[in-house]
Amino acid sequence: MIDNRQENTDEENSISKTYDDLEREKEERFVKLMIEIIVSLTLKELYGEDNDDSLTPKADRKS
């Protein structure tokens, strides 16, 4: 009886750990995605997308 409880506890701990690992990985991917989006939007705003002179920041461009 005690061995059965111990096995169940071990299995539950393993499942819980696996679930926690999956949640952590999801959170890491979400943070990386948010960073990628923010950087992309910032670069688009800074350099623009519709100008041939796209390597020059908007502030330094001649009108």
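Placed above this text is the structure.
Since the structure is predicted, the reported quantities are computational estimates derived from the model, not experimental observations.

Thresholds, definitions, all that
Residues numbered from 1 in each chain as written. Predicted model: local features only at pLDDT ≥ 70, side-chain atom pairs only at ≥ 80, totals over all residues. Heavy atoms only, no water. Helix = DSSP H or I, 4+ residues; strand = E, 2+ residues; numbered from the N terminus. Buried < 20%, exposed > 50% of the residue type's maximum accessible area, 1.4 Å probe, protein only. Areas by Shrake-Rupley, 256 points an atom, 1.4 Å probe, with all protein chains shown as cover. Salt bridge = Lys/Arg side-chain N within 4 Å of Asp/Glu carboxyl O. Patch = residues over 30% accessible without salt bridge, like charges linked within 9 Å, V, L, I, M, F, W, Y side chains within 5 Å. Lys, Arg positive; Asp, Glu negative; His and termini not counted. Charge placed at Lys NZ, Arg CZ, Asp CG, Glu CD.

On to the overall build of the protein. When its secondary structure is counted, the protein shows one helix and zero strands. Counting all 63 residues of the protein, 3% fall into the buried class. When the accessible surface of the protein is summed, it comes to about 6200 Å², and 53% of that surface belongs to carbon and sulfur atoms.

Below, the discussion takes up the pattern of salt bridges. Taken as a whole and judged by the stated rule, the model has three salt bridges. Among the salt bridges present, the one from Arg-24 reaches Asp-21, with a minimum N-O distance of 3.9 Å. Note that Arg-24 and Asp-21 are positioned in helix 1 (residues 2-47) at a spacing of three residues, about one turn of the helix. Residue Lys-26 is joined to Glu-23 by a salt bridge in which the shortest nitrogen-to-oxygen separation is 3.5 Å. Placement of both Lys-26 and Glu-23 in helix 1 is noted, with a separation of three residues, approximately one turn of the helix. Looking at Lys-26, the relative accessible area reads 46%, which means it is partly exposed. Residue classification places Glu-23 among the partly exposed residues on the basis of a relative accessible area of 26%. Residues joined by salt bridges that share partners form a network here, namely Asp-21, Arg-24 and Glu-28.

Quick look at a negative patch on the surface now. Taken together, the side chains of Glu-7, Asp-10, Glu-11 and Glu-12 define an acidic patch exposed on the protein surface. If you trace the backbone, Glu-7 turns up in helix 1.

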